[in-house]
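Here are the chains, one letter per residue:
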Amino acid sequence: EVQLLESGGGLVQPGGSLRLSCAATGFTFSSYAMIWVRQAPGKGLEWVSGIDGSGGRTYYADSGKGRFIISRDNSKNTLYLQINSLRAEDTAIYYCAKDRYSGSYYRLDFWGQGTLVTVSS
Amino acid sequence: QSVLTQPPSVSAAPGQKVTISCSGSSSNIGNSYVSWYQQLPGTAPKLLIYDNNNRLSGIPDRFSGSKSGTSATLGITGLQTGDEADYYCGTWDSSLSSVVFGGGTKLTVL
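If you're wondering where the values come from, they're calculated on a predicted model, not measured in any experiment.

1. Considerations on the side chain of Lys98 of chain A
Residue position: Lys98 of chain A is located in strand 9 (residues 92-99). Ignoring sequence-local partners within four residues, the contact set of Lys98 of chain A consists of Leu4, Phe27, Tyr32, Ala33, Met34, Arg107, Leu108, Asp109 and Phe110 of chain A.

2. Describing unusual backbone geometry
A negative phi holds for most residues other than glycine; trans holds for most peptide bonds. The backbone phi angle of Tyr105 of chain A is positive, close to 75 degrees, even though this residue is not glycine. With respect to the secondary-structure elements, Tyr105 of chain A resides in the loop between strand 9 and strand 10 (108-111). Positioned with a positive phi, Asp51 of chain B is a non-glycine residue whose angle comes to about 50 degrees. Examined against the element boundaries, Asp51 of chain B turns out to sit in the loop between strand 4 (46-50) and strand 5 (54-55).

3. Some remarks on the interface of chain A and chain B
Taken residue by residue, the interface counts 23 residues in chain A and 22 residues in chain B. For the pair chain A and chain B, the two sides together bury roughly 1700 Å², of which 62% comes from carbon and sulfur. Counting the surface chain A buries against chain B, the share from its top three residues, Leu45, Trp47 and Tyr106 of chain A, is 38%. At the junction of chain A and chain B, the tally comes to one salt bridge. Where Arg107 of chain A meets Asp51 of chain B, a salt bridge forms, and the shortest distance between an N and an O atom there is 2.4 Å.

4. Observations concerning the nonpolar core
Membership of the largest hydrophobic core comes to 44 residues, with the highest contact counts inside it found for Trp47 of chain A together with Trp36 and Tyr87 of chain B. For this core, the element with the highest residue contribution is strand 8 (residues 85-93) of chain B, accounting for five residues. Core analysis: the second largest hydrophobic core is formed by 25 residues, Leu20, Trp36, Phe68 and Val119 of chain A among them.

So, how was this worked out
Residues numbered from 1 in each chain as written. Chains lettered and ligands numbered in written order. Predicted model: local features only at pLDDT ≥ 70, side-chain atom pairs only at ≥ 80, totals over all residues. Heavy atoms only, no water. Helix = DSSP H or I, 4+ residues; strand = E, 2+ residues; numbered from the N terminus. Contact = heavy atoms within 4.5 Å. Buried area = accessible area lost by both parts, 1.4 Å probe. Salt bridge = Lys/Arg side-chain N within 4 Å of Asp/Glu carboxyl O. Core = buried A, V, L, I, M, F, W, Y, C linked by side-chain atoms within 4.5 Å. Buried < 20%, exposed > 50% of the residue type's maximum accessible area, 1.4 Å probe, protein only.

In structure tokens, the structure reads:
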């Protein structure tokens, strides 16, 4: 059974940093692209970033370019999102999701339960 | 506003049919496949349809998808109260080199 478990969210001051983690089980982690999607309170889904199975190719939404870094450790079956220079508008639930294939980034067939990031002073 | 345009809300009675549209451009829907997601209140999104019209295993055939040009449509027949949720379309945008979602459509089953 595929399971994705996010962690690392919390309350952070503006300008701070945070690293989110997503532990994956139940599938061959290195064979699939992985994605981060966020959802601000009461708002819609926003695709944040994606990384291919090897970790050699990454993509970012414009809102995160230069501040977000996606990475993965295939030996630990874990996906990461480093978020720097946090802003109030980064407040959201951050979901990790598994790509159905190795590199489509939008066929997200399994999702974690999400971790809440709140940016406030 | 979102790159993909969806109606904010749709509604229909139990047992009826509803369609949800998703409009884009040649750099996204016109040049890629479309996925559809269902998000029940308080839960993570769930993939319903991928590659325009393929249902994920376990998704009832009441749910269907189609695409024409730069627009896509999700259809739901035999509406049930349990179908009340937010629905999102998504695809790859070659101009942005990122995935784009629609703004979401809230389905109310009256």
